[in-house]
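Now for the letters of each chain:
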Amino acid sequence: MTQLDDLLADASLASLLALASAAAGGADIGVIDPEGRLLAGREVRSVAARRSPVTLDGEVVGLVVGEESVAPELSVLVGCALEMALVGARVQAERARVGQELAIGRRIQAALLPRRFPDADGWTFAARYEPAREVGGDLFDVFPVRGALDRIALVIADVTGKGIPAAVLMADVKALLHAAIDNAEAPAEALRRVNAVLVHERQSPLFVTAALLVIDVATGLVRYALAGHEPPLVARRAGRVEPLEADGPILGAFADSAFEERETVLEPGDAVTLYTDGITDARSPARDFYGEDRLLALVGGACGRPAETIAQAITDDVTAFRGEAEPFDDLTLLVVERRPA
Amino acid sequence: MNTTIDRVSPEVAVLALDGELDASNYRELITTGSSLYADGARSLILDLSNLAYMSSSGIVALHSLALIFRGQLPPDPEAGWAAIHAVSADTAAGEAADQVRLVNPTPAIDSVLERTGLRRILPVYPDRNAAIAG
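Residues numbered from 1 in each chain as written. Chains lettered and ligands numbered in written order. Predicted model: local features only at pLDDT ≥ 70, side-chain atom pairs only at ≥ 80, totals over all residues.

**Some remarks on the packing of helix α1 (residues 26–38) of chain B against helix α2 (residues 56–68) of chain B**
Residue and element names in this part refer to chain B.
Phase 1 of the analysis: Closest axis-to-axis distance for the α1/α2 pair is 9 Å, and the angle between their directions is 15°. Taken together, the axes of α1 and α2 lie roughly parallel to each other. α2 is crossed by α1, and the crossing has right-handed handedness. Together, Y26, L29, I30, G33, S34 and Y37 of α1 and S57, G58, V60, A61, S64, L65 and I68 of α2 make up the contact between the two elements.
Phase 2 of the analysis: Partitioning the contact of α1 with α2 into residue classes produces eight nonpolar, five polar and no charged. (Axes fitted to C-alpha atoms, helices over the stretch in contact; angles between N-to-C directions. Helix = DSSP H or I, 4+ residues; strand = E, 2+ residues; numbered from the N terminus. Parallel < 35°, antiparallel > 145°, perpendicular 65-115°, else oblique. Left-handed = near helix turned anticlockwise from the far one by under 90°. Contact = placed C-beta atoms within 7 Å. Nonpolar A, V, L, I, M, F, W, Y, C, P; charged D, E, K, R; others polar.)

**Things to note about helix α4 (residues 187–201) of chain A**
Residue and element names in this part refer to chain A.
Phase 1 of the analysis: Look at α4: 21 Å from first C-alpha to last across 15 residues, which is about the 21 Å you get at 1.5 Å a residue.
Phase 2 of the analysis: Within α4 the residues assigned to the buried category are P187, A188, A190, L191, R192, V194, N195, L198 and V199.
Phase 3 of the analysis: On its buried side, α4 packs onto α3 (163–183), β8 (208–216) and β9 (221–227). (Expected span 1.5 Å × (residues − 1). Buried ≥ 20, exposed ≤ 12 C-beta atoms within 10 Å, placed from the backbone.)

**Examining the sheet that holds strand β2 (residues 12–21) of chain B**
All names here are of chain B.
Phase 1 of the analysis: With mixed pairing, the five strands of this open sheet are ordered in space as β1-β2-β3-β4-β5. Strands with a single pairing partner mark the edges of an open sheet, and in this sheet they are β1 (2–7) and β5 (124–125).
Phase 2 of the analysis: Where strand β3 (residues 43–54) and strand β4 (residues 100–103) come together, four bridges link them in parallel fashion. Its bridge partner lying in β4, D47 is registered against V103.
Phase 3 of the analysis: Most of the contacts of helix α3 (residues 107–116) go to β3, to which it runs at about 120°, and overall it touches β3 and β5. (Pairing = 2+ DSSP bridges.)

Structural data, given as structure tokens:
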């Protein structure tokens, strides 16, 4: 079995050998494997036969054998054509493999997204998730803490990586965060626990950025912590935008990470937008970045609007900015709104 | 992205990055750093003056370079769960951790370094001479 076997079913190999044979005045030309087994063309038994090696990565994978009357250049030419076909077949197989891996990764990601939002009294949620073709690894989640609807956790996260490894880590991180939020009293402590598990127990070289908010449904008190993630944006009903800043490094990179925890209160009519860098790093056809300033201005203009309106406005603006350019990174948005009284 | 190597001494290499560091080229940067380390360099100065953009893959590359220049095994960023984890890559051990130094990042890149926590393991200097002097 050699790499050449994969080409045998290809009709163009037979035509190539037939053409070469015709060019050599009907002389016999064939291809054999390194053990001498005939793979294609006609067998040449002459001791004076011309032999030209077919190599791939410096290894002889076959020989072009021609009768004495075949010009040496011609058998070399046939060998070259076979080498080019082998390299081409390999590139194609690699592309198919990468495409398949990305597709599996996307399926895992899609399966991780919440199917519905919790039915929290007075609160509305909206989300957008648009996976990129090449790069993946975004996640969002909304769930009641310990299954009770008095507190709702919001998570958005971005794994630095793509394909199956990123999707598997994402599934892992989602479960770890969910368990940590249910068991730790505070978001910062939940991030600290997840970081410790990723650093000490997991065999992944990838990192995760995350923003974690826990909302008290009755009072609107929000406790939050960040791990190297873009600050969520609060749109106050009065028309002001406030980034929710908090210190905390990426998850999975540093053994001794500490995370700052902060609080804010969402009044009726206020909304918070969580997003990943797929939004701010979106590029126009002229290669400009969408950027944080443009997002701040847009969210500022949407103060007092419902969650769904804000999510759609951002999606529309990023899509318009991007024009025909293919999205390079996942585009993920999660908006929560405390409904006006 | 273009890289220019300036070997100021057998132990010190300055690597200037020009363009954009992202998923398409971050592994090359890790490879370049690995070869400099294998060639005897023990201090790496990354001049970011002309680096216009750095995606999250750039974070992986910088973190990997910090590990490589501490003599720890280079992680393979795409080997997934089979790879060696980049554990304890911080100053917790109490030793000086400035084998890799950064020069003059743009404000946007500097804020990513700050936000992700990378500045804790990669000190930032205003210019090359200050970085070489340490």
